[in-house]
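Architecture and fold: a report
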Amino acid sequence: MTQTPQMLTARLGYAVPHRFAQAGFEPRYRSAMDAAAQAYEELADWNPHVAAYIVPNGFNRRVLFSLNLREAFAFCQLRSAAQAHFSMRRVAERVALEIRRVHPLLAKYMSLPEEPWQAIESQHFLQT
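So, here is what we can say about the structure in this document. The model shown is predicted, which means the values in this text are computed figures rather than measured ones.

What follows deals with the layout of surface pockets. Here the largest pocket defines a volume of roughly 900 Å³. Forming the boundary of the largest pocket are 29 residues, of which Arg61, Ser87, Met88, Arg90 and Val91 lie nearest the centre. Put simply, the parts of the chain that give the lining of the largest pocket at least two residues each are strand S2 (63–66), helix H4 (69–79) and helix H5 (86–102). If one sorts the elements of the lining of the largest pocket by residue count, H5 sits on top with seven residues.

Moving on, we come to the packing of aromatic side chains. Counted under the stated rule, the structure contains four aromatic pairs. Judged by centre distance (6.0 Å) and plane angle (80°), the ring pair of Tyr14 and Tyr29 falls under edge-to-face. Here Tyr14 is found in the loop between strand S1 (2–5) and helix H1 (18–22), whereas its partner Tyr29 is found in helix H2 (residues 26–46), with 15 residues between them in sequence. According to the relative accessible area criterion, Tyr14 is buried, its value standing at 13%.

Tracing the backbone shows Ile54 in the loop between helix H3 (48–51) and S2. What makes Ile54 partly exposed here is its relative accessible area of 35%. A sequence separation of 18 residues divides Ile54 from Ala36, and the C-alpha atoms of the two residues are 6.7 Å apart. The contacts of Ile54, once residues within four sequence positions are left out, are Ala36, Ala39, Tyr40 and Leu43.

This brings us to the nonpolar core. Membership of the largest hydrophobic core is limited to 12 residues, which are Ala10, Tyr14, Val16, Tyr29, Met33, Ala36, Ala37, Tyr40, Ala44, Ala51, Val55 and Phe59. With six residues, H2 is the largest single contributor of residues to this core. Among the nonpolar cores identified, the runner-up in size contains 10 residues, and Ala72, Cys76, Met110 and Leu112 belong to it.

Before going further, it helps to examine H4. Spacing of three or four residues puts side chains on the same side of an α-helix, whose turn is 3.6 residues. Every buried residue of H4 is accounted for by Ala72, Phe73, Phe75 and Cys76. Burial along H4 is one-sided: seen end-on, the buried residues are contained in an arc of 165°. Opposite the buried face of H4, at more than 90 degrees from it, the exposed residues are Arg70 and Leu78. Each element contacted by the buried residues of H4 is listed here: S2, H5 and helix H6 (104–107). The residue sitting at the N-terminus of H4 and contributing the capping side-chain oxygen is Asn68; that oxygen lies 3.1 Å from the backbone nitrogen of Arg70.

Where H4 meets H5, the closest approach of the two axes is 8 Å, and the angle between their N-to-C directions is 140°. By the angle between their directions, the pair H4 and H5 is classed as oblique. The hand of the H4/H5 crossing is left-handed. Of the residues in H5, those in contact with Leu69, Ala72, Phe73, Phe75, Cys76 and Arg79 of H4 are Met88, Arg89, Val91, Ala92, Val95, Ala96 and Ile99. Of the residues contributing to the contact of H4 with H5, the split by class is 11 nonpolar, no polar and two charged.

What counts and how
Residues numbered from 1 in each chain as written. Predicted model: local features only at pLDDT ≥ 70, side-chain atom pairs only at ≥ 80, totals over all residues. Heavy atoms only, no water. 1 Å grid on protein atoms, 1.4 Å probe; cavity = no way out; pocket = protein on both sides within 12 Å on 5 of 7 lines; lining within 4 Å. Points joined across faces, edges and corners; volume = space filled by probe spheres on them. Helix = DSSP H or I, 4+ residues; strand = E, 2+ residues; numbered from the N terminus. Phe/Tyr/Trp six-rings, centres within 6.5 Å; stacked < 30°, edge-to-face > 60°. Buried < 20%, exposed > 50% of the residue type's maximum accessible area, 1.4 Å probe, protein only. Contact = heavy atoms within 4.5 Å. Core = buried A, V, L, I, M, F, W, Y, C linked by side-chain atoms within 4.5 Å. Arc of directions from axis to C-beta. Polar contact = N/O pair within 3.5 Å; in protein donor to acceptor, adjacent residues only side chain to side chain. Axes fitted to C-alpha atoms, helices over the stretch in contact; angles between N-to-C directions. Parallel < 35°, antiparallel > 145°, perpendicular 65-115°, else oblique. Left-handed = near helix turned anticlockwise from the far one by under 90°. Nonpolar A, V, L, I, M, F, W, Y, C, P; charged D, E, K, R; others polar.

Next up, the structure:
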C-alpha cells in the first residue's frame, strides 16, 4: 500500500473527541485549535511548509491511498478492530463499505466488526 499525504494545513477543520467535551475541556480545546489555525494562516502567507509545523494532529488531513484488493482487506481488517484508534476505524469502515459496493462477491470474505462508520463517528466525535 502506498500512502501519499497532503501537506499539513489548518484549512480542513479539526476533530473534537467526545471525551474532551465530557471532561469539560471542549472550550479550551477549540480555543487552542482556533489559535493554531490563526497562527497557521499567518505563517502560511509567508511559507506554507514552515506553517505546517504548527498544525496539531487533531486537524483533518487528506491522504491518497493506492492499494490492491488484498492490501485493502488487510487494511480494513486490521484498522477496523476494536483496539484500533477510533479515527482509523472510521476510515477503515468507509473503505470496507466501498469494497462491498464495488466487489460484493469478494467482500463477503472480509470479516469485520459489525459497527458502521457512522456509529464510530457519533460515538467518538462531536459534530462541528
